[in-house]
Number of protein chains: 2
Amino acid sequence: MSSPGALVLVVEDEPQVRRFLRASLSSRGYRLLEATTAREARQLATSHNPDLFLLDLGLPDEDGVELTRDLRGWASAPIIVLSARGREEDKVKALDAGADDYLTKPFGVNELLARMRVALRHARAVPTEGALIEVGPLRVDSARREVTVDGVEVRLTPTEFKLLLLLARNAGKVLTHGMILREVWGPNATQAHYVRVQMAELRRKLEQDPARPRLLLTEVGVGYRLRDRWDD
Amino acid sequence: MSSPGALVLVVEDEPQVRRFLRASLSSRGYRLLEATTAREARQLATSHNPDLFLLDLGLPDEDGVELTRDLRGWASAPIIVLSARGREEDKVKALDAGADDYLTKPFGVNELLARMRVALRHARAVPTEGALIEVGPLRVDSARREVTVDGVEVRLTPTEFKLLLLLARNAGKVLTHGMILREVWGPNATQAHYVRVQMAELRRKLEQDPARPRLLLTEVGVGYRLRDRWDD
DNA sequence: CGGACGCATCAAGATCGCGTCAAGACCGAC
DNA sequence: GTCGGTCTTGACGCGATCTTGATGCGTCCG
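Residues numbered from 1 in each chain as written. Chains lettered and ligands numbered in written order. Predicted model: local features only at pLDDT ≥ 70, side-chain atom pairs only at ≥ 80, totals over all residues. Heavy atoms only, no water.

(A) Looking closely at the packing of helix H2 (residues 38–48) of chain B against helix H3 (residues 64–74) of chain B. Residues and elements named next belong to chain B. Viewed as axis vectors pointing N to C, H2 and H3 meet at an angle of 15 degrees, and their least axial separation amounts to 11 Å. Taken together, the axes of H2 and H3 are roughly parallel relative to one another. The element H2 and its partner H3 pack so that their crossing is right-handed. Between H2 and H3, the contacting residues are Ala38, Ala41, Arg42, Ala45 and Thr46 on the first element and Leu67, Asp70, Leu71 and Trp74 on the second. The residue makeup of the contact of H2 with H3, split by class, is 6 nonpolar, 1 polar and 2 charged. (Axes fitted to C-alpha atoms, helices over the stretch in contact; angles between N-to-C directions. Helix = DSSP H or I, 4+ residues; strand = E, 2+ residues; numbered from the N terminus. Parallel < 35°, antiparallel > 145°, perpendicular 65-115°, else oblique. Left-handed = near helix turned anticlockwise from the far one by under 90°. Contact = heavy atoms within 4.5 Å. Nonpolar A, V, L, I, M, F, W, Y, C, P; charged D, E, K, R; others polar.)

Next comes the structure, spelled out in structure tokens:
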């Protein structure tokens, strides 16, 4: 996982830039994965669990900022955005969405490499971030996207997992409908009903008695929270 | 997710830039320390243990890269370098010396703020709590929406909680019917009767003897207040 | 002493938010 | 294209919660 040999996922649709990065990085000992669309990126990210993302903002199928927000939700690896857009507003948006750094094209290879070293240095220094959350009978492994209740594995759909992870990372605290919608469905979502349906599904899978939940608690009129105290 | 209140040490010898940073940061709720030399910076860093460094490279008494390397050795807070030197080589040196980010002057305030947020996010030292109010036997945790009296948990409905939180945040002060109505029921509410009914309910749940309240006191003709003195 | 006023309490009806089910839309895999 | 899984959307019942009105009590003041 240290700098040489680190697995880098390059998300970039321009072949020229891809070739340039491939040459620069592999000669330095990095291993490379390449994606040209957000969809591909997600797939590779789940299947290969890379150590670092290099992300172009101008993807054909989805805004890069959205992809950033999504990845940041469950992947622990650092994200460096590479973009031709140099406007301050673009930088702020990307960084606030969860990017760890932002380089404006054109940039020098050495600067990129230096910033990659910084990012990987951080990742090593903060090992806690991704891995494992345990609350009561529940275990959530965000790197492996794996969930168990009392040791029994439970299969969750992507949305269910995102929702559960959000709750688990804030165990005990109440998350409002608005917060949940924004984090799981993106900033434009408004239908609080989404949350109810997915929550029902989650309960069906995680709770012994979905009608009398012990894990996923409702705060009427406000939102939901994951129970984090088990002293009974 | 921002971290207002973080303590930032600005190391910069040009008064103009210092003034600019002071204005930009303190208006955002950051607390500021200022140093104009490396020596001063070291002193303040030891004595005040800041959450973040903003570091100019061109210091009068020592090269900024050296200072970076030194700080990185023993201080855990992130270091953002601000420099007029835009050469790639300078960036690489500073980053490899231990800086977490590098901005070339002139830069936009918003970008700086965004990168500061990223740095502080990494540091993760942000407690984010502090949503706890304690008055006498009463404890109100707004993040968890949890209320206890003498350690015993009490379940409140949304309106009850809103009302109690309002009183708790203004413990000791008298809140008029009008204020309470506006805050809890919205700006158009007029029925002072709402308040009475909900207050009765609150007392039923919080007071030992609802008829002789010790917490939720009535100020006849004016409004209500939460008792905040407990020297009995 | 009696009436007016403000407050507390109770209970009943109306309302709101939640959980659930199910049908259709969408999407990726084959 | 078809198929299976997943997400969106709508409808509905139920219970919790809020609103509203009625009633009684205490205090202040005429």
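(B) Layout of the sheet that holds strand S12 (residues 223–226) of chain B. Residue and element names in this part refer to chain B. Here 3 strands make up an open sheet; going across it, the order is S10-S12-S11 and the pairing antiparallel. Across the chains shown, the open sheet's two edge strands, defined by having one partner strand only, are strand S10 (175–176) and strand S11 (216–219). Taken together, the 4 bridges between S11 and S12 define a ladder with antiparallel strand orientation. Bridged to Leu217 within S12 is Arg225. Against the sheet, helix H8 (residues 192–206) engages S11 and S12, with an angle of about 145 degrees to S11. (Pairing = 2+ DSSP bridges.)

(C) Inspection of unusual backbone geometry at higher detail. Residue Lys105(A) is joined to Pro106(A) through a cis peptide bond whose omega torsion reads -5 degrees. The topology assignment puts Pro106(A) in the loop between strand S5 (101–104) and helix H5 (109–125). One non-glycine residue, Arg145(B), lies in positive phi territory at about 55 degrees. With respect to the helices and strands, the residue Arg145(B) is situated in the loop between strand S7 (138–141) and strand S8 (146–149). Overall, Arg145(B) belongs to the partly exposed group, its relative accessible area being 24%. (Buried < 20%, exposed > 50% of the residue type's maximum accessible area, 1.4 Å probe, protein only.)

(D) Region of interest: the pattern of salt bridges. One pass over the full model with this rule turns up 48 salt bridges over all chains. For Arg72(A), the salt bridge goes to Asp100(A), with nearest N and O atoms at 2.8 Å. Placement of Arg72(A) in helix H3 (residues 64–74) and of Asp100(A) in the loop between helix H4 (88–97) and S5 is noted, with a sequence separation of 28 residues between them. A salt bridge links Arg115(A) to Glu111(A); the shortest N-O distance between them is 2.9 Å. Here Arg115(A) pairs with Glu111(A), and both are found in helix H5, just 4 residues apart, close to one helical turn. The same class applies to Arg115(A) as to Glu111(A), namely buried. Three or more residues are tied together by salt bridges with common partners; here these are Lys91(A), Asp101(A), Glu111(A), Arg115(A), Lys91(B), Asp101(B), Glu111(B) and Arg115(B). (Salt bridge = Lys/Arg side-chain N within 4 Å of Asp/Glu carboxyl O.)

(E) Structural detail: the protein's contact with DNA strand C. Contacts to DNA strand C come from 23 residues, most closely from Arg203(A), Thr218(A), Tyr224(A), Arg203(B) and Tyr224(B). Counted by atom, the contact set of DNA strand C within 4 Å of the protein is 77% sugar and phosphate. Gln43(A) is positioned with one of its side-chain polar atoms (N or O) 3.3 Å from a phosphate oxygen of DNA strand C. Within the residue set of the surface near DNA strand C, elements represented by two or more residues are helix H2 (38–48) and helix H8 (192–206) of chain A together with H8 of chain B. Tallied by class, residues from the surface near DNA strand C come to 9 nonpolar, 9 polar and 5 charged. (Near = heavy atom within 4 Å. Polar contact = N/O pair within 3.5 Å; in protein donor to acceptor, adjacent residues only side chain to side chain.)

(F) Region of the structure containing the nonpolar core. One finds Leu138(A), Val140(A), Leu164(A), Leu206(A) and Leu216(A) to be the most contacted residues of the largest nonpolar core, which totals 56 residues. Element by element, the count of residues in this core is highest for helix H6 (residues 158–169) of chain A, at 7 residues. (Core = buried A, V, L, I, M, F, W, Y, C linked by side-chain atoms within 4.5 Å.)

(G) The sheet that holds strand S9 (residues 152–154) of chain B, seen in detail. Residue and element names in this part refer to chain B. Overall, antiparallel pairing links the 4 strands, which are arranged S6-S7-S8-S9 in an open sheet. Edge positions in the sheet fall to strand S6 (132–135) and S9, since each of these pairs with one other strand and no more. Sheet twist, expressed as the average angle between the axes of neighbouring strands with direction ignored, equals 20 degrees. Note: S8 against S9, 3 bridges, orientation antiparallel. Across the sheet, residue Val147 finds its bridge partner in S9, namely Val154. Docked against the sheet, helix H6 (residues 158–169) engages S6, S7 and S8, running at close to 110 degrees with respect to S7.

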